[in-house]
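A structural walkthrough
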Amino acid sequence: MRHYGTLLAGSAVVLATMTAPSFAEDKTVSMIQCGDAIAETYPDLIKKWEAANPGFKVNVEIVGWAQCQDKITTLAAAGTPVGLAYVGSRTLKQFADSDLIVPIPMTDEEKAGYYPHIVETVTFQDQAWGIPVAFSTKALFWNKALFEKAGLDPNKPPTTWAELLSDAKTIKEKTGVPGYGLPAKTMDNTMHQFLHYVYTNDGTVIDSEGKITLDSPQNLEALEFIKSLVPYSEDGPSAYDQDDMIKLFSDAKVAMIEGGPWVRNQVSKDIQWGVAPLPVGPKAKGPGTLLITDSLAVFKGTGVEEQAIDLAKLLTNPENQFLYEKTHGLTPLRPVAGVDGLVAEDPSWKPFLDGIAFGGPEPLFLDYKGFQNAMIDMVQSVVTGNAEPAAALTKAAGAIDQYK
């Protein structure tokens, strides 16, 4: 079944302003990298690959984040695909179902080399459709000075939801500063924030057979917990996203937030802060986190699919990938030898690794935007008081079934 209509939403303007790339006639592997510049490690690796594959050339085009996914999608749906592209893994199920990309062969050894659940972020119908290239996990950041001002131990962050709620309440009542930063704006990170609670309470959204599992006791507890945090969070959570939380945290206007490893470099040096694993819910089997990946996808119809797969595997092999991760401050995808050294050099990395084993992937849906919007609506309806958690959860579970 083809889903070009969904894939092409918002892409009409892009299609009208672009020219199609050239493909197999001149043995060119065309590649789109999202961002402002090519990854620092890629030029030398590409030269190495070209030397090992005489007659083939790699043509890399850099496309800004705002236009990148639309351009990749429009080229593919128009029948003029790029050979290799950087995509959000959430799009892979749509691309695969629309017959626009090819599966990526992975040996059991290759799969086992990743941290748990990473391969699940690119898997649909028992096949991998992308090679993970960027990975993020989340941890809890807390303001030590505000903890101390509220009479709490500044070196003891909350480890459970109950402790998080108690600390947030104490800080708000004793200092007047919101104890917790709760993003609920119409942004993808509102859904992601909810998924943090799903995966720190042993919940799921959709199972391996495609059955919606959102309406579960674990997830009801998660949504009820979000509601309980509202009185001790910033006013009007639906006006704030995760980037806003970083600014509020840096200005000591909230005491705790959740964020990825890059947040450590964005928080103001004027405050004393710490980072710890995400607090866990009552059903948790261990620390958890949402596992989000971006991937390199190989598009169908270029005539150089095998070469594109080979290039992607070179760029993302354990050694090359870890160097890329260190350069960009990304959570490592694999427990390679260098990870222990990374943590020894900077112990603040450890909380971002602790939640992986019991974490869960960003769910793959054919219409991921429809899924995302339904989840955002669910969270917003609860934090604004327009719906009770049980009713909102049941409604969302019914809504997302059409998007799978």
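In the block above lies the structure referred to throughout.
All of these numbers come straight from a predicted model, not from anything done at the bench.

1. Side note on the pairing of strand S3 (residues 84–88)
Judged by how many residues are buried, S3 sits mostly within the fold: five of five residues are covered. Alternating positions in S3 separate into two faces, Leu84, Tyr86 and Gly88 on one and Ala85 and Val87 on the other, with burial throughout. The pairing of strand S1 (residues 28–34) with S3 spans two bridges and is classified as parallel. Residue pairing across strands places methionine 31 opposite leucine 84, the latter belonging to S3. The pairing of S3 with strand S10 (residues 290–298) spans five bridges and is classified as antiparallel. Residue pairing in the sheet places leucine 84 in a bridge with valine 298 of S10.

2. Some thoughts on the environment of threonine 289
With respect to the helices, strands and loops of the structure, threonine 289 is situated in the loop between strand S9 (273–276) and S10. Placed 208 residues apart in sequence, threonine 289 and proline 81 show a C-alpha to C-alpha distance of 34 Å. When sequence neighbours within four positions are dropped, the list of residues in contact with threonine 289 reads Thr137, Lys138, Tyr199, Leu278, Gly355, Ile356, Gly359 and Gly360. Here the side chain of threonine 289 touches lysine 138 through a polar contact of 3.0 Å, landing on its backbone nitrogen.

3. Here we look at the environment of aspartate 294
With respect to the secondary-structure elements, aspartate 294 resides in strand S10. The spatial distance from the C-alpha of aspartate 294 to the C-alpha of glycine 88 is 4.4 Å, given a sequence separation of 206 residues. The contact partners of aspartate 294, leaving out residues within four places of it in the chain, are Tyr86, Val87, Gly88, Ser89, Ile131, Pro132, Val133 and Ala134.

4. Focus: the packing of helix H10 (residues 217–229) against helix H17 (residues 389–400)
Where H10 meets H17, the axes come as close as 9 Å, and the angle between the chain directions of the two elements is 130°. The angle between H10 and H17 places the two elements in the oblique class. Considering how the two elements wind past one another, H10 and H17 form a crossing that is right-handed. The segment H10 lies against H17, with Asn219, Leu220, Leu223, Glu224 and Lys227 engaging Pro389, Ala390, Ala392 and Leu393. Looking at the contact of H10 with H17, its residues break down into six nonpolar, one polar and two charged.

5. Things to note about empty space enclosed by the protein
Scanning the model with the defined rule gives one cavity of 30 Å³ or more in all. As a volume, the largest cavity reaches approximately 40 Å³. In this structure, the largest cavity is lined by Arg90, Met191, Glu362, Pro363, Tyr368, Phe371 and Gln372. No other element matches the three residues that helix H16 (residues 368–383) contributes to the lining of the largest cavity.

6. Let's talk about the sheet that holds strand S7 (residues 139–143)
Taken in spatial order, the three strands make up an open sheet running S8-S7-S9, and their pairing is antiparallel. Pairing within the sheet leaves two strands with one partner each, and these edge strands are strand S8 (256–259) and S9. Ignoring strand direction, the axes of neighbouring strands in this sheet form an average angle of 25°. As paired elements, S7 and S9 share four bridges and run antiparallel to each other. Its bridge partner being in S9, tryptophan 142 is matched across the sheet by glycine 274.

7. Considerations on the pattern of salt bridges
Per the counting criterion, the structure on display carries twelve salt bridges. As a salt-bridge pair, glutamate 110 and lysine 313 come within 3.2 Å of each other at their nearest N and O atoms. You can see glutamate 110 sitting in helix H6 (residues 108–112) and its partner lysine 313 sitting in helix H12 (residues 305–315), a full 203 residues away along the chain. Owing to a relative accessible area of 30%, glutamate 110 belongs among the partly exposed residues under this scheme. Judged by its relative accessible area of 26%, lysine 313 falls in the partly exposed class. Glutamate 173 is the partner of lysine 169 in a salt bridge, and the nearest nitrogen-oxygen pair spans 2.8 Å. Of this pair, lysine 169 and glutamate 173 both sit in helix H8 (residues 161–175), four residues apart, which is roughly one turn of that helix. Its relative accessible area of 34% is what places lysine 169 among the partly exposed residues. For glutamate 173, a relative accessible area of 53% gives the class exposed. Each of the salt bridges in this network shares a partner with another, and the network as a whole consists of Arg90, Asp188 and Glu362.

8. A few points about unusual backbone geometry
Keep in mind that most residues, glycine aside, have a negative phi and that most peptide bonds are trans. Phi angles above zero are rare outside glycine, and glutamine 125 is one such case at about 50°. Among the structural elements, glutamine 125 can be located in the loop between strand S4 (123–124) and strand S5 (127–128). Of note, alanine 252 is a non-glycine position whose phi angle comes to about 60°, a positive value. Its place among the elements puts alanine 252 in the loop between helix H11 (242–250) and S8. For alanine 252, a relative accessible area of 26% gives the class partly exposed.

About the cut-offs
- Residues numbered from 1 in each chain as written.
- Predicted model: local features only at pLDDT ≥ 70, side-chain atom pairs only at ≥ 80, totals over all residues.
- Heavy atoms only, no water.
- Buried < 20%, exposed > 50% of the residue type's maximum accessible area, 1.4 Å probe, protein only.
- Helix = DSSP H or I, 4+ residues; strand = E, 2+ residues; numbered from the N terminus.
- Pairing = 2+ DSSP bridges.
- Contact = heavy atoms within 4.5 Å.
- Polar contact = N/O pair within 3.5 Å; in protein donor to acceptor, adjacent residues only side chain to side chain.
- Axes fitted to C-alpha atoms, helices over the stretch in contact; angles between N-to-C directions.
- Parallel < 35°, antiparallel > 145°, perpendicular 65-115°, else oblique.
- Left-handed = near helix turned anticlockwise from the far one by under 90°.
- Nonpolar A, V, L, I, M, F, W, Y, C, P; charged D, E, K, R; others polar.
- 1 Å grid on protein atoms, 1.4 Å probe; cavity = no way out; pocket = protein on both sides within 12 Å on 5 of 7 lines; lining within 4 Å.
- Points joined across faces, edges and corners; volume = space filled by probe spheres on them.
- Salt bridge = Lys/Arg side-chain N within 4 Å of Asp/Glu carboxyl O.

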